[in-house]
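Per-entry structural report
The chain contents come next:
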Amino acid sequence: MGRAISPATRERLTSPAVAPIVIKLGSSIVADDRGDVRADVLAGICDQIAELHRAGRSPIVVTSGAIARGMGVMALALRPRAMDELQAASAVGQGRLYRVYDELLADRGVRSAQVLLTFFDISARTHYLNARQTLRKLLDWRVVPVINENDTTTTDEISFGDNDFLAAQVAILMGAELLVLLTDAGGLYTADPRLDPSAELIAVVDEFDALEGFQIGHATSPLGSGGMRSKVVAAEMATAAGIPTMVASGLEAGTVVRAAAGEPVGTRFAAREGRYSSFKLWLKYAKPTRGTVVVDSGAARALREGGTSLLPVGIIEVTGEFDAGDAVEVAHDGELVGKGICNYSAKELRRVHGLKSGAVREVLPRASEEAVHRDYFVLA
Ligand code: GLU
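Note that this is a predicted model, so its numbers are computed, not measured.

Examining the nonpolar core
In terms of nonpolar packing, the biggest core is built from 47 residues, with Val22, Ile147, Val170, Leu179, Leu188, Leu211 and Phe269 touching the most fellow members. Mapped onto this core, the elements with two or more residues apiece are strand E2 (59-63), strand E3 (111-117), helix H7 (125-140), strand E4 (143-149), helix H9 (164-173), strand E5 (178-183), helix H10 (228-240) and helix H12 (278-286). Ranked by residue count, the leading element in this core is H9, at eight residues. Beyond its immediate sequence surroundings of up to four residues, leucine 179 is in contact with Val22, Ala167, Ala168, Ala171, Ala238, Ile243, Pro244, Thr245 and Met246. Among the nonpolar cores identified, the runner-up in size contains 35 residues, and Leu42, Ala43, Val61 and Val257 belong to it.

Right, dumping it as structure tokens:
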């Protein structure tokens, strides 16, 4: 695989860059249809990771394939449907999967570390900061983190995503310079190339709206749970944080190194103007919501157009059970207005919604004036 990289590419690769490159390998890259690890493919990708590492770059691997590998070990011909079986298959496969990376990277003179994260780790602010500290320390030590979701305790990426969102979150968490999502397809196409021979590769995506006319499939390989749709959403998250994202073939030689050298491979999603702080990105994409507050038209307009805080007086209905500090959806007339951290529990808010601030204080003397402060709110 190394031979596919030209001397000019090698030259460009050594451009000084401190921010990490997050490289995500989907299940279909990691394992074949029987659940056996594709040793030659992984060896080729580890060659490239070692090359980046030698060039002074900081690669971070996000890998799927634990379930696929576990299926192989347990001789399960079809991907199980039951969540507990998927989780157990992942537990069987994860250690074996990581060992392959560890050995391949060690053979190339690179130390690695296994990191298992959950969506919760990224949605709870202190865990988020702890995860960042650990990953930063590993990079300081020149160790390559090999990350997967901790499937034993959470199921987000099993249900949908195949680690696409996890990879985007890691890229945002670490302020990556580039996110590379490797698939068995060469990139994003105008239609599913397996079904439609006229499908064309989309080389650059500047505007996500431009993708609306295309059939971006949910179809996945028999092993994974992602598909192009989750890659587009992951790219939307990462590019909103200013991180260019590439969807490229993991089976083709040299893709990772060429992407890191700034060459066109697969589909490139251009970074967008940083509209949000890292806190707001975390809130928008990573923090799960626990309930909904329905607001009146005046409050909806003020949030959308005035960038104001939401006061209890503008709230007409509260659904779900949440505590103060949880994120809630803010809706109006059946449409999502945004998402924010609520200063009240659902129980408290049910007592005071619709009341003016003075009346709220009579019921709850120590409550904040804002139900959702503008600094803790993002528009949908
Ligand atoms: N964490 C899962 C794995 O490594 C995600 C992939 C999937 O949904 O199959 O197997």
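Here's the deal with the sheet that holds strand E13 (residues 377-379)
Hydrogen bonds along the backbone pair up the strands of a sheet, which may run parallel or antiparallel. What the five strands build is an open sheet, ordered E10-E9-E11-E12-E13; its pairing is mixed. Edge positions in the sheet fall to strand E10 (315-320) and E13, since each of these pairs with one other strand and no more. Shown here is a sheet whose adjacent strand axes are inclined to one another by a mean of 25°, direction ignored. The sheet strands contacting helix H13 (residues 297-306) are strand E9 (289-295), strand E11 (327-332), strand E12 (335-341) and E13, and the helix crosses E12 at an angle near 70°.

Describing unusual backbone geometry
For alanine 75, which is not glycine, the phi dihedral falls at a positive 55°. The residue alanine 75 is located in the loop between helix H4 (66-73) and helix H5 (83-107) in this model. Classification of alanine 75 by relative accessible area gives exposed; the value is 66%. Residues other than glycine seldom take positive phi values, yet arginine 142 does so here, at roughly 60°. Within the secondary structure layout, arginine 142 lies in the loop between H7 and E4.

Side note on the environment of histidine 53
Within the secondary structure, histidine 53 is located in helix H3 (residues 39-54). For histidine 53, a relative accessible area of 15% gives the class buried. On a C-alpha basis, the gap between histidine 53 and arginine 142 in space is 8.0 Å, while along the polypeptide they are 89 residues apart. Not counting residues up to four positions away in its chain, the partners in contact with histidine 53 are Pro59, Val110, Arg142 and Val144.

A word on a nonpolar patch on the surface
Among the surface-exposed residues, Val73, Met74 and Leu76 lie close enough to one another that they form a single nonpolar patch of about 230 Å² accessible area. Its location among the elements puts valine 73 in helix H4. Assessed through its relative accessible area of 33%, valine 73 is described here as partly exposed.

Section: the packing of H9 against H10
Orientation of H9 relative to H10, taken along the N-to-C sense of each, is 10°, at an axis distance of 8 Å. As summarised for this structure, H9 and H10 are arranged roughly parallel, according to the angle between their axes. Side by side, H9 and H10 meet where Asp164, Phe165, Ala168, Gln169 and Ile172 of the first sit next to Ser230, Lys231, Val233, Ala234, Met237 and Ala238 of the second. Considering only residue class, the contact of H9 with H10 consists of seven nonpolar, two polar and two charged.

Notes on the pattern of salt bridges
Counted according to the given criterion, the structure contains nine salt bridges. Put simply, lysine 137 and aspartate 140 hold a salt bridge, and the shortest N to O gap is 3.6 Å. In this pair, lysine 137 and aspartate 140 both sit in helix H7, three residues apart, roughly one turn of the helix. Given a relative accessible area of 41%, lysine 137 falls into the partly exposed group. Its relative accessible area of 56% is what places aspartate 140 among the exposed residues. Residues arginine 304 and glutamate 335 are paired through a salt bridge, measuring 3.8 Å at the closest nitrogen-oxygen approach. Note that arginine 304 is positioned in helix H13 and glutamate 335 in strand E12, a separation of 31 residues in sequence. On the basis of relative accessibility, which here comes to 36%, the residue arginine 304 falls in the partly exposed class. Linked by salt bridges that have partners in common, Lys24, Asp164 and Lys231 make up one network.

Definitions and limits used
Residues numbered from 1 in each chain as written. Predicted model: local features only at pLDDT ≥ 70, side-chain atom pairs only at ≥ 80, totals over all residues. Heavy atoms only, no water. Core = buried A, V, L, I, M, F, W, Y, C linked by side-chain atoms within 4.5 Å. Buried < 20%, exposed > 50% of the residue type's maximum accessible area, 1.4 Å probe, protein only. Helix = DSSP H or I, 4+ residues; strand = E, 2+ residues; numbered from the N terminus. Contact = heavy atoms within 4.5 Å. Pairing = 2+ DSSP bridges. Axes fitted to C-alpha atoms, helices over the stretch in contact; angles between N-to-C directions. Patch = residues over 30% accessible without salt bridge, like charges linked within 9 Å, V, L, I, M, F, W, Y side chains within 5 Å. Areas by Shrake-Rupley, 256 points an atom, 1.4 Å probe, with all protein chains shown as cover. Salt bridge = Lys/Arg side-chain N within 4 Å of Asp/Glu carboxyl O. Parallel < 35°, antiparallel > 145°, perpendicular 65-115°, else oblique. Nonpolar A, V, L, I, M, F, W, Y, C, P; charged D, E, K, R; others polar.

In short, the description is geometric, and any link to function would need to be established separately.
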